[in-house]
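Coordinate inspection notes
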Amino acid sequence: MDIELKGITKRFGSVIANDQINLQIKAGEVLGLLGENGAGKSTLMNILSGLYAPDEGKLLIDGIEVNFRGPGDSISAGIGMVHQHFMLVPIFSVAENVILGVEPVKTADYLDLSKARTLVNKISSEYGLSVPPDAIIEDLPVGIQQKVEIIKVLFREANVIIFDEPTAVLTPSEVEDFFSIVRALKASGKAIVFITHKLHEIKEIADRVTVLRHGRITGEGNPKRLTKEKLAEMMVGRQVAFTVNKIKSKIGQPVLKLKNIELHTKDNERVLKNINFSIKAGEIVGIAGIQGNGQTELIEVITGLRKNYTGEMFLGELDITRANARQRHVAGMAHIPEDRHKFGMVENFSITENIIINNYYEKRLSDFITINWIKARSAAALLCEEFDVRTPSVDLNGKSLSGGNQQKMVVARELGRKPKIVIAAQPTRGVDVGSIEYIHSRLVQSRDDGNGVLLISSELDEIISLSDRILVMYDGSIVAEFDNTDAKPKRNQIGLAMAGSTEEIYNEH
Amino acid sequence: MEIVKQTSLAIGFTLLCTASANAFTACQVTDVGGIDDASFNQTAWHGVENAIANRGIDGRFLESQSETDYAANLNALMDGSCDIIVTVGFLMGEATANAATANPNQKFSIVDFAYDPTIPNVLGQIFATDEAAFLAGYLAAGMTETGTIGTFGGLNIPPVTAFMNGLVYGVDYYNEQHGTSVSVLGWNTSSQEGLFTNNFDSLDDGRAFAQNLYDEGADIVMPVAGPVGLGSAALAAELGSDSLKIIGVDADLVATDPERADVYLTSVLKRMDSTVEAVINAAMDGSFEGGLTVGTLANNGVGIAPYHNFESAVPPELKAEIDAVRAGIIDGSISVGP
Amino acid sequence: MNTKSNFRKTTADLLMLRQGAYRDAIVLPIIAIATALLIGALIMTATGVDIYTIGRSFAALGHGAFGSINAISETFTAAIPLILAGLGIGLGFRAGLFNIGAEGQIIIGGLLAVIFSFTFSDLPTIVLVTFTLIVGSLAGAAYAGIAGVLRAVTGAHEVILTIMLNLISYRILDYALRQPFIQKDGRSDPISKSVPGNGQLPKLLDWIDPNLRLHVGIFIMVGAVILLWWLIKKSKMGFAIRTNGENSHAALYAGMNPKMVIIGSMALAGGLAGLAGAVQISGVLERASPGFSAGIGFDAIAVALLGRSHPIGILFAGILFGGLEAGGRQMQIDAGVSIDLISIIQALVVVFIAAPLIIRTITPWAFSKNKRTS
């Protein structure tokens with residue numbers, strides 16, 4: 001099945017989300033759709049899946065014009081969408097989720113689950129998905145849940161499958177797995193649309209690429225022939241530096257030292273096992289690891305959000321083992337939380353309020369018991385200026401900023417105080433390329449100024465390009481350490497350590 | 001949209017003719033039971049209604065939803081449009097006294113409260129309900145099969161406990177005359193303590209209290225708590241009047257609660273309707289005087305209702321004895337007391 | 001156009017609203033009230049009230065609420081405790097707490113206030129009244145603090161806790177009013193001794209007409225509105241409270257102490273409700289009796305919702321509810337319409353405020369501009 005979009009335009013009030021978009025989706029081909037957040041990718045795909053009607057333009061399926069009145073029309077036309085956030089019922093089984101909405105029934109209202117099970121198994125084996133039909137969704141890892149979403153789409157006999165940022169939630173090995181599934185789908189004649197902002201994925205999997213920026217198509221072609229730099233330029237509209245410029249820094253005294261840190265959960269599960277490391281002034285230490293191997297707990301222990309650990313911790317010479325979050329903060333620790341929406345900011349607060357959220361009590365921002373809003377606003381405005389937070393006013397809600405500007409706001413707050421040690425957790429997650437570049441340069445600058453930086457990221461590329469030293473976490477322990485200054489370690493060695501294979505690696509070191 | 005137009009028209013029309021005819025106006029402020037409590041508020045309002053029918057006056061009422069409304073409600077009536085204000089209930093005593101002192105030209109009458117000393121512009125109406133309840137107690141003692149009678153009140157205040165005292169004394173008198181040992185649960189005349197719901201509006205309480213008394217063996221229950229008693233009657237209707245009978249208070253409940261007419265053995269009447277109507281008439285005729293009026297068996301201010309459905313069930317001898325007791329109370333040969 | 005948007009901007013600044021909040025804070029409540037009145041009219045029609053009486057009753061509602069000095073006095077007298085307790089509940093909302101316990105806090109505050117007042121009746125007026133109000137607030141704060149501490153320490157939900165504390169407070173009141181040193185002499189029903197004359201909040205307008213009940217509590221109420229506005233907008237504590245309410249995770253990550261915020265804002269809310277009880281006792285009721293709280297604590301929840309947890313909003317919402325109460329009385333007198341209808345209108349206002357989508361759906365034109373994109 002082929003789909004053609006001709007001159008699609010969609011406006012929201014005065015904003016043009018899609019402007020004269022022409023697109024061809026062909027059977028047996030992977031079309032990469034590249035663009036930053038807000039470039040109009042999601043709007044375009046929502047038009048394809050029948051959620052929005054275009055203001056102008058035509059939608060042709062196999063040469064015949066169609067009008068979708070709702071998502072139902074799109075599904076019955078054979079278009080399936082795998083969303084970034086899965087639409088699964090966590091307490092239902094795989095089979096139940098797959099048949100949700102199109103339940104096969106025998107007589108009356110008797111749900112025919114055995115038929116569903118058979119169909120799930122059949123689809124699984126056809127595309128090498130290997131999903132147990134009776135497993136409960138909430139017990140399954142994210143990678144498998146995504147496969148359930150794919151089975152759901154195939155169950156509805158889709159010929160065109162749209163993936164919206166499918167790799168954002170996957171570990172490196174799951175990404176490999178996912179790509180092989182995409183290849184199998186392609187081989188069976190499905191048309192695939194692959195939405196992403198990650199350039200190397202486009203180069204690896206897409207047969208054709210279309211780049212969107214500000215609602216317009218800014219480039220098209222064969223990704224194998226286009227360089228990463230060229231693709232990035234189409235996407236961002238200017239040249240982008242991929243390598244972080246780092247000069248060798250002066251390593252100083254340790255600024256953060258962890259000794260024999262152990263943490264048990266309420267169920268007495270040992271989530272941090274004998275963690276020992278230190279971060280010296282002037283170095284970036286990266287912690288690599290697949291999500292869920294204790295990184296979150298480690299961050300919470302270091303920043304004082306968890307109290308019930310054992311071991312010792314020093315910030316410089318200061319024993320901070322029993323200090324609470326604010327005391328550590330005052331002592332010179334900055335924390336860029338891993339999820340800005342949940343932990344790092346308050347969406348309904350103004351930018352000023354967000355910027356003073358953890359230092360409003362300082363003398364420079366407050367009087368006896370009141371906050372000095374005049375000083376707070378000017379401090380916020382100064383930081384926005386310094387850290388390139390683009391906003392017409394610091395009185396606007398944090399919600400009104402783009403993801404990149406929100407993250408820069410968090411970074412401004414944390415680095416603006418000249419901390420001694422920066423804990424940066426997933427500092428560029430869900431952020432556009434321009435902002436990634438900027439945040440990276442600020443982290444490096446902080447290191448060059450003689451501070452310690454602890455970088456925790458699920459993006460291995462980010463770890464490798466920024467860190468001076470790399471620690472690998474697996475199952476609550478630090479299982480490997482790599483020097484990343486002169487002798488660049490190989491990706492696959494780190495990958496092996498992330499998967500828990502510890503031999504060989506220490507030989508290297 | 002049509003309704004908006006009509007409403008605004010109506011508002012305009014209203015503004016043109018707010019001033020209605022300057023007829024004599026009687027206003028009533030109810031206690032929390034509400035105007036349709038099938039009990040004392042309703043009975044008192046019935047008096048106003050009678051005056052409306054007989055003398056062509058205007059009548060208005062204001063319902064109190066809580067005790068905090070008393071003063072506010074009285075206040076709302078202080079614009080001079082009421083020729084007499086009737087407040088219903090002992091609990092309104094203080095609020096009425098305050099309003100009457102502050103507005104000496106406004107005529108008031110309060111049901112169930114006697115001021116000492118009296119206030120010149122307030123006529124208190126109190127009732128010797130113990131006399132009538134004495135008859136009901138005598139009747140109940142003669143009718144009970146289990147030898148146990150129950151009672152409970154809304155609040156431990158004189159207008160309520162007068163019923164309960166009368167009931168117990170009536171039962172005692174029956175025991176004295178017949179050598180029986182019928183007992184009353186829920187009220188102790190010597191300690192003046194007993195069973196109270198502490199409200200005048202929860203039908204659930206009425207049901208629960210009656211259930212407790214029934215479980216303790218009572219087959220006749222007299223609830224003295226306004227509409228709360230309707231809950232007790234509902235229980236009796238379910239159990240059947242062979243198992244549990246109710247003695248109503250204030251009004252003849254067979255008339256105000258006809259659906260459950262067959263559970264009411266009788267009702268202890270407190271003829272507020274006639275006293276309220278009399279007060280209104282006095283105010284209209286210019287003979288209104290502050291002070292106190294007492295309703296008794298002798299002046300028909302209190303009494304017991306006809307037996308209605310139990311007409312044939314009550315033995316003729318018992319009826320005759322009750323008539324004799326009534327005469328005895330009126331002529332003073334029988335004293336209502338311990 | 002320009003003046004209009006300037007007006008909006010000034011109003012919005014005054015009420016410290018952010019962009020877009022103008023409609024939510026001002027247009028929405030007005031439409032909600034109008035719709036509630038309209039539906040009230042429909043309900044009256046459905047129950048067989050003729051159109052003339054409906055018009056008459058709405059005229060009476062307006063007249064009884066704001067049409068005379070007596071009406072205004074009654075409206076504000078009713079509004080004072082509603083606003084005080086509503087401020088506390090609104091503060092709880094700001095902290096992310098749903099405090100259903102204002103009723104119980106009013107009872108405990110009022111009870112302790114009346115006990116203090118008749119016990120220390122020898123004190124001079126100014127001292128006695130001041131301390132009566134302080135005792136009432138502290139009692140309310142302590143009572144709400146129980147819920148706050150339990151919430152912070154055990155994580156038990158404050159809705160359940162405060163509902164249970166309400167039920168307990170009713171029984172405490174019943175019990176206390178029967179104790180010989182509290183119960184009024186010569187009475188066998190549960191009613192407290194009276195507040196002595198020098199313990200009463202002075203009436204403000206009795207020189208015009210002795211029936212005007214408005215008392216100096218109105219200044220206390222206005223002071224509380226200003227204090228809360230300052231607390232929420234200016235103070236460090238208010239900032240911590242707001243952060244906790246908007247995003248408790250972010251508050252934790254910012255190094256605030258959510259447990260202290262919960263306990264503190266609960267106690268503060270209880271203090272305001274207790275103050276409402278004490279003001280009601282020493283300004284209006286002069287004694288405690290069962291049910292003296294009269295559901296003020298629950299109406300105050302509606303007031304806080306209607307006022308969108310904003311002190312100025314709560315001030316106006318409280319005046320509106322006070323007006324509905326005073327006007328409702330006039331409706332009964334003039335048109336013989338049941339007081340229950342007023343309760344229905346109040347409930348409808350709350351429904352429409354709490355569910356703004358309904359209003360947005362039935363009056364889309366009032367909200368059509370500035371539609372959000374993406």
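1. Comments concerning the sheet that holds strand β13 (residues 284-288) of chain A
Residues and elements named next belong to chain A. If you walk across this open sheet you meet the six strands as β16-β17-β18-β13-β19-β20, and the pairing is mixed. The open sheet is flanked by β16 (333-336) and β20 (477-483), the only strands paired with a single partner. Pairwise comparison of adjacent strand axes, ignoring direction, gives a mean angle of 20 degrees for this sheet. As paired elements, β13 and strand β19 (residues 469-474) share four bridges and run parallel to each other. Note on β19: the bridge partner recorded for I287 is L471. Against the sheet, helix α14 (residues 403-415) contacts β16 and β17 (421-425), and its axis sits at roughly 175 degrees relative to β16. Across the sheet, helix α17 (residues 491-498) touches β13, β19 and β20, and the angle it forms with β19 is around 30 degrees.

2. Observations regarding the domain arrangement of chain B
All names here are of chain B. Once the domains are mapped, chain B shows domain 1 (23-127 + 273-295) and domain 2 (129-269 + 307-331). Computed from C-alpha coordinates alone, the two centres of domain 1 and domain 2 are separated by 28 Å. Contacts between the two partners involve 12 residues from domain 1 and, on the opposite side, 15 residues from domain 2. At the boundary of domain 1 with domain 2, total buried surface from both sides reaches about 1,100 Å², with 70% on carbon and sulfur atoms. Three residues stand out in domain 1 for area buried against domain 2, namely A38, S39 and F90, and they jointly supply 37% of the buried area on that side. At the boundary of domain 1 with domain 2, the tally comes to zero salt bridges. Applying the counting rule to domain 1 against domain 2 returns two residue pairs in polar contact (both at pLDDT 80 or more). Split by residue class, the side of domain 1 that touches domain 2 holds six nonpolar, four polar and two charged.

3. Remarks on the confidence of the model for chain B
Chain-level statistics for chain B give a pLDDT mean of 89 and a share of 93% at 70 or above. In the model, residues 1-21 of chain B has pLDDT below 50 throughout and makes 23 contacts with residues more than four positions away in sequence or in other chains.

4. What to know about the interface of chain A and chain C
Listed per partner, the contact involves 32 residues of chain A and 22 residues of chain C. Summing the contributions of chain A and of chain C, the shared interface buries around 2,500 Å²; its carbon and sulfur component is 61%. Where chain A meets chain C, there are one salt bridge. Put simply, E353 of chain A and R242 of chain C hold a salt bridge, and the shortest N to O gap is 2.6 Å. Summed over the shared surface of chain A and chain C, the number is 11 residue pairs in polar contact (both at pLDDT 80 or more). Put simply, the parts of the chain that give the side of chain A that touches chain C at least two residues each are α10 (325-331) and α11 (340-344) of chain A. In terms of residue count, the dominant contributor to the side of chain A that touches chain C is α11 of chain A (three residues). Here the side of chain A that touches chain C is composed, by residue class, of 18 nonpolar, eight polar and six charged.

5. What to know about the pattern of salt bridges
For the structure shown, the criterion picks out 41 salt bridges over all chains. Between D55 of chain A and K10 of chain A there is a salt bridge, and its shortest N-O distance comes to 3.9 Å. Taken together, the residues D55 of chain A in the loop between α1 (41-48) and β4 (56-61) and K10 of chain A in strand β1 (residues 3-12) connect sequence positions 45 residues apart. Taking relative accessible area as the criterion, D55 of chain A reaches 39% and is therefore assigned partly exposed. Overall, K10 of chain A belongs to the buried group, its relative accessible area being 11%. Residues E414 of chain A and R413 of chain A are paired through a salt bridge, measuring 3.0 Å at the closest nitrogen-oxygen approach. By relative accessible area, which is 2% here, E414 of chain A ends up buried. By sharing partners, the salt bridges in this structure join D69 of chain B together with E74, R213, E325 and R329 of chain C into a single network.

6. Overview of the sheet that holds strand β5 (residues 122-127) of chain B
Residue and element names in this part refer to chain B. Spatially, the six strands line up as an open sheet ordered β2-β1-β3-β4-β5-β13, and their pairing is parallel. The sheet is open, and its two borders are formed by β2 (58-62) and β13 (291-295), each paired with just one other strand. The average undirected angle you get between the axes of adjacent strands in this sheet is 20 degrees. Strands β3 (84-88), β4 (107-111) and β5 of the sheet are contacted by helix α4 (residues 93-102), whose axis makes an angle of about 170 degrees with β4.

7. A word on the state of the cysteines
Residue and element names in this part refer to chain B. The tally for this structure, following the rule as stated, stands at one disulfide over all chains. Paired by a disulfide, C27 and C82 hold their sulfur atoms 2.0 Å apart. Taking the sign of the torsion about the S-S bond as the criterion, the disulfide between C27 and C82, at about -85 degrees, is left-handed. Within this pair, whereas C27 is found in strand β1 (residues 25-29), its partner C82 is found in the loop between α3 (69-76) and β3, the two being separated by 55 residues in sequence.

8. What about the interface of chain C and chain B?
Each partner contributes to the interface: chain C provides 41 residues, whereas chain B provides 36 residues. Interface of chain C and chain B: buried area, both sides summed, is about 3,200 Å²; carbon and sulfur atoms make up 53% of it. For the chain C face of the interface with chain B, the top three residues by lost area are N211, R329 and I333 of chain C, together amounting to 18%. Where R329 of chain C meets D69 of chain B, a salt bridge forms, and the shortest distance between an N and an O atom there is 3.5 Å. Inspection of the chain C/chain B interface yields 11 residue pairs in polar contact (both at pLDDT 80 or more). Taken together, the residues of the side of chain C that touches chain B sort by class into 16 nonpolar, 12 polar and 13 charged.

9. As for the packing of aromatic side chains
Taken as a whole and assessed by the stated rule, the structure comprises 20 aromatic pairs over all chains. Consider the rings of Y360 of chain A and F239 of chain C, whose centres lie 5.0 Å apart with planes at 65 degrees: the pair is edge-to-face. Here Y360 of chain A is found in the loop between α12 (351-355) and α13 (373-386), whereas its partner F239 of chain C is found in helix α9 (residues 236-246) on a different chain. We classify Y360 of chain A as buried; its relative accessible area is 5%.

10. Overview of the packing of helix α2 (residues 40-55) of chain B against helix α10 (residues 272-285) of chain B
All names here are of chain B. Between α2 and α10, whose axes approach to 7 Å, the crossing angle comes to 45 degrees. Taken together, the axes of α2 and α10 lie oblique to each other. As α2 packs across α10, the resulting crossing turns out to be right-handed. Residues F40, T43, A44, H46, G47, V48, N50, A51, N54 and R55 of α2 pack against M272, D273, V276, E277, I280, N281, M284 and D285 of α10. Taken together, the residues of the contact of α2 with α10 sort by class into eight nonpolar, six polar and four charged.

11. Some remarks on the nonpolar core
All names here are of chain B. Membership of the largest hydrophobic core comes to 112 residues, with the highest contact counts inside it found for I85, I247 and I280. By residue number, the principal contributor to this core is helix α5 (residues 129-143), which donates 10 residues. Each of two domains, domain 1 (23-127 + 273-295) and domain 2 (129-269 + 307-331), supplies a minimum of three residues to this core. When sequence neighbours within four positions are dropped, the list of residues in contact with I280 reads F24, A26, V48, A51, I57 and I84.

12. Some thoughts on the confidence of the model for chain C
Residue and element names in this part refer to chain C. When the pLDDT values of chain C are averaged, the result is 87; 89% of them are 70 or greater. The secondary-structure element of chain C with the lowest mean pLDDT is helix α1 (residues 2-14), recorded at 48, while helix α5 (residues 102-119) shows the highest, at 97. Low pLDDT, under 50, characterises residues 1-5; the stretch is placed with zero contacts to residues that sit more than four places away or in other chains. Segment residues 369-374: pLDDT under 50, and five contacts once partners within four positions in sequence are set aside and those in other chains are kept. For this predicted complex, the interface score ipTM comes out at 0.80, while the overall pTM is 0.80.

13. Section: helix α8 (residues 217-233) of chain C
Residues and elements named next belong to chain C. Over its 17 residues, α8 runs 24 Å from end to end, which matches the ideal 24 Å to within 8%, given 1.5 Å per residue. Residues of α8 that are buried include every one of G217, I218, M221, A224, V225, L228, L231 and I232, and no others. When α8 is viewed along its axis, its buried side chains cluster within an angular range of 145 degrees and face the same direction. Away from its buried face by more than 90 degrees, α8 exposes F219, I226 and L227. Elements in contact with the buried residues of α8: α4 (69-94), α9, α11 (258-285) and α13 (311-335).

How each quantity is defined
- Residues numbered from 1 in each chain as written.
- Chains lettered and ligands numbered in written order.
- Predicted model: local features only at pLDDT ≥ 70, side-chain atom pairs only at ≥ 80, totals over all residues.
- Heavy atoms only, no water.
- Pairing = 2+ DSSP bridges.
- Helix = DSSP H or I, 4+ residues; strand = E, 2+ residues; numbered from the N terminus.
- Axes fitted to C-alpha atoms, helices over the stretch in contact; angles between N-to-C directions.
- Contact = heavy atoms within 4.5 Å.
- Domains from an automatic or database assignment.
- Buried area = accessible area lost by both parts, 1.4 Å probe.
- Salt bridge = Lys/Arg side-chain N within 4 Å of Asp/Glu carboxyl O.
- Polar contact = N/O pair within 3.5 Å; in protein donor to acceptor, adjacent residues only side chain to side chain.
- Nonpolar A, V, L, I, M, F, W, Y, C, P; charged D, E, K, R; others polar.
- pLDDT = per-residue confidence, 0-100.
- Buried < 20%, exposed > 50% of the residue type's maximum accessible area, 1.4 Å probe, protein only.
- Disulfide = S-S within 2.5 Å.
- Phe/Tyr/Trp six-rings, centres within 6.5 Å; stacked < 30°, edge-to-face > 60°.
- Parallel < 35°, antiparallel > 145°, perpendicular 65-115°, else oblique.
- Left-handed = near helix turned anticlockwise from the far one by under 90°.
- Core = buried A, V, L, I, M, F, W, Y, C linked by side-chain atoms within 4.5 Å.
- Expected span 1.5 Å × (residues − 1).
- Arc of directions from axis to C-beta.

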